[in-house]
Amino acid sequence: RYLIGDEIFFPTLKKLATDTAYTYHNMISTADVEALFNQATGKDLKPFFNFYLRTTNRFEFVVKQLAEDRYLISLANFDMPLPVEIITNEGAEKLTIDKKGVDVRSTTMPAVDKSGYYYKRVIFE
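Here's what I pulled together on the structure shown here. Here the residue numbers are simple positions, counted from 1 along each chain's written sequence. Where local features are concerned, this predicted model is filtered to residues with pLDDT of at least 70; where side-chain atom pairs are given and counted, the filter is 80 or more; whole-chain, interface and lining totals use all residues. Just so you know, side-chain values use all the structure's heavy atoms and leave hydrogens and water out.

1. Focus: the nonpolar core
Here comes step 1: The definition of a nonpolar core used throughout is a set of buried Ala, Val, Leu, Ile, Met, Phe, Trp, Tyr and Cys residues joined through side-chain atoms within 4.5 Å. Relative accessibility decides the category of a residue: with a 1.4 Å probe and only protein chains considered, values under 20% of the type maximum give buried, values over 50% give exposed, and everything between is partly exposed. Of all hydrophobic cores here, the largest spans 30 residues; its most connected members are Phe59, Phe61, Leu82 and Tyr118.
Here comes step 2: Elements with a minimum of two residues in this core: helix 1 (6-18), helix 2 (30-41), helix 3 (46-54), strand 1 (59-67), strand 2 (70-75), strand 3 (82-88), strand 4 (91-97) and strand 5 (102-105). Working definition: helices are DSSP H or I runs of at least four residues, strands are E runs of at least two. Numbering for both runs from the N terminus.

The structure is reproduced here in structure tokens:
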């Protein structure tokens, strides 16, 4: 839901629950659900589905302090960019984090996904 946004997630979920192509006498698979959400978003969400449905891994976010007020936040074990809420001394901001990382300025240690949208581990270096 957090990855694709409420404006796409809820109508797609409603279609999954009410469209006769997905209900009643039709047997659907995980691949059908993936295809429906891929079509709704216009993105390939297969890496995300694979990570959550076919592994027991957690997303690993690395927070590395570069200077007194600079941090590099990266995603260590996943190849797809993820939107993540980062909280700094300036407040909350939704940033897209990937393996390359994002440079964040803060006079306090940044908090990664404090609301808990992702099953994750945060590593501080």
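2. Section: helix 1
Here comes step 1: For helix 1, which comprises 13 residues, the first-to-last C-alpha distance of 18 Å matches the rise-based estimate of 18 Å (1.5 Å per residue) to within 8%.
Here comes step 2: What helix 1 keeps buried is the set Phe9, Thr12 and Leu16. Axial view of helix 1: buried residues confined to an arc of 80°, hence all on one face. In this structure, helix 1 carries Glu7, Lys14 and Ala17 as exposed residues pointing more than 90 degrees from its buried face.
Here comes step 3: Contact partners of the buried residues in helix 1: helix 2. Helix span is expected to be 1.5 Å times the residue number reduced by one. For this quantity, the arc is that covered by the directions from the helix axis to the C-beta atoms. Residues are treated as being in contact if the distance between any of their heavy atoms lies within 4.5 Å.

3. Examining the packing of helix 1 against helix 2
Here comes step 1: Axis angles are defined between N-to-C directions and span 0 to 180 degrees, where every axis is a line fitted to C-alpha atoms and, for a helix, only to the segment in contact. The contact between helix 1 and helix 2 brings their axes to 10 Å, and the two run at 140°. On the basis of the axis angle, helix 1 is oblique to helix 2. In terms of crossing hand, the pair formed by helix 1 and helix 2 is right-handed. Side by side, helix 1 and helix 2 meet where Ile8, Phe9, Thr12, Leu13, Lys15 and Leu16 of the first sit next to Val33, Leu36, Phe37, Ala40 and Thr41 of the second.
Here comes step 2: Residues are sorted three ways: Asp, Glu, Lys and Arg are charged, Ala, Val, Leu, Ile, Met, Phe, Trp, Tyr, Cys and Pro are nonpolar, and all the rest, Gly among them, are polar. Across the contact of helix 1 with helix 2, the residue classes tally to eight nonpolar, two polar and one charged. An angle below 35 degrees is read as roughly parallel, one above 145 as roughly antiparallel, one from 65 to 115 as roughly perpendicular, and any other as oblique. Here is the rule for handedness: rotate from the far helix to the near one, and if that takes an anticlockwise turn smaller than a right angle the crossing is left-handed, while a clockwise turn gives right-handed.

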